[in-house]
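# Commentary on secondary and tertiary structure
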Amino acid sequence: MSTGIQWTQETWNPTTGCDRISKGCDNCYALKMAKRLKGMGQAKYQNDGDPRTSGPGFGLTVHDDALTLPYRWRKPRTVFVNSMSDLFHARVPKDFIRRVFTVMADTPQHTYQVLTKRSTRLRRIAHELEWPPNVWMGVSVEDDTQMHRVDDLGEVPAAVRFLSLEPLLAPLHGLELASVDWAIVGGESGGGARPMRIEWARNIVTLCQDANVPVFVKQLGSVWASDCFWGGQRVAAQGDPKGGDPKYWPSDLRVREFPHATTEVA
């Protein structure tokens, strides 16, 4: 499925559904979207999750029929794997994870971006998986309490290892980039969005530039867009409620880089 996510071109969901495990999950966009898709009768979103950690249409579900989809894509594309789930969720069978990796290895014309918050499981089974050069592996880090995910990622033999620092909820003191090839930074959007301070994003951009790590600033978030004025109007009132248009940003944050030796996403 084509997507509005600026750092990718396509989404592929061989699993759907998830459970919240940290603060970064509190306003999960996928959980809200799953509820809507369930109401629309979408077949992939009829399995409800635990209401304490998940919700309607968001129960972890494996979709064997989705595994054939990348073979049918004729044009090479950059693919975000499981935008509506987490491939390394505890209830995704290890054999199914292997099958997903086999599909990615079988289709080297595509570039796959896999993102997880379950870095412990990732680290534990990484040696049992095939890691072709077209698979990028990332972890999400929203604050200092999740910095262990960066350490776990460093033990994974992926061609490109990346960080999704979104939603960025606090400054990341002591962020180490020695094993990182790319970083994405973003503020939160949607209902109940929490603020991302400009100095937090600015510090990460500086760290990445000093370490020669490409950095992609995705958006400054709904709170910033509501509070910031441009030409006498709030940015949000000018049709940019997520703070995602770089023309409104401080110039030093207008950075949208991709990993070295890769092609930028169109």
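Anyway, here's the lowdown on the structure attached to this text. (Residues numbered from 1 in each chain as written. Predicted model: local features only at pLDDT ≥ 70, side-chain atom pairs only at ≥ 80, totals over all residues. Heavy atoms only, no water.)

### Things to note about the overall build of the chain
Assigned secondary structure in the chain consists of six helices and eleven strands. Relative to the globule expectation of 18 Å for 266 residues, the C-alpha radius of gyration of the chain, 18 Å, shows essentially globular dimensions. For the chain, the C-alpha atoms occupy an extent of roughly 55 × 45 × 40 Å along the three principal directions. For the chain, with 266 residues in total, the buried portion stands at 55%. Excluding contacts between residues fewer than 6 apart, the proportion of contacts in the chain whose partners are at least 24 apart in sequence is 70%. Accessible surface computed for the chain: about 12100 Å², of which carbon and sulfur atoms make up 50%. Where the 32 positive side-chain charges of the chain centre and where its 30 negative ones centre are 6 Å apart. (Helix = DSSP H or I, 4+ residues; strand = E, 2+ residues; numbered from the N terminus. Rg over C-alpha atoms; globule rule 2.2 N^0.38 Å. Buried < 20%, exposed > 50% of the residue type's maximum accessible area, 1.4 Å probe, protein only. Contact = heavy atoms within 4.5 Å. Areas by Shrake-Rupley, 256 points an atom, 1.4 Å probe, with all protein chains shown as cover. Lys, Arg positive; Asp, Glu negative; His and termini not counted. Charge placed at Lys NZ, Arg CZ, Asp CG, Glu CD.)

### Some words on the sheet that holds strand β7 (residues 160-165)
Strand order across the open sheet formed by seven strands is β1-β4-β5-β6-β7-β8-β9, with parallel pairing between neighbours. Each edge of the sheet is formed by a strand with only one pairing partner; in this case those strands are β1 (10-12) and β9 (215-219). Across the sheet, the mean angle from the axis of one strand to that of its neighbour is 25°, orientation sign disregarded. Where β1 lies against strand β4 (residues 78-81), three bridges are found, and the strand directions are parallel. Within β4, the position partnered with Glu10 by the bridge is Val79. (Pairing = 2+ DSSP bridges. Axes fitted to C-alpha atoms, helices over the stretch in contact; angles between N-to-C directions.)

### Things to note about the nonpolar core
In this structure, Trp12, Phe88 and Trp131 are the most contacted members of the largest nonpolar core, which totals 60 residues. Each residue touching Phe88, except ones within four places of it in the same chain, is listed here: Ile97, Phe101, Val114, Thr116, Arg118, Arg121, Leu122, Ile125, Leu129 and Met137. Counting eleven residues, the second largest nonpolar core, distinct from the first, contains Phe80, Trp136, Ile184 and Phe216. (Core = buried A, V, L, I, M, F, W, Y, C linked by side-chain atoms within 4.5 Å.)

### Things to note about the environment of Ser179
Turning to its location among the elements, Ser179 is positioned in the loop between β7 and β8 (182-186). What makes Ser179 buried here is its relative accessible area of 19%. Sequence separation of Ser179 and Asp151 is 28 residues, and the distance between their C-alpha atoms is 8.4 Å. Excluding residues that lie within four positions of it along the chain, Ser179 makes contacts with Val150, Gly154 and Arg161.

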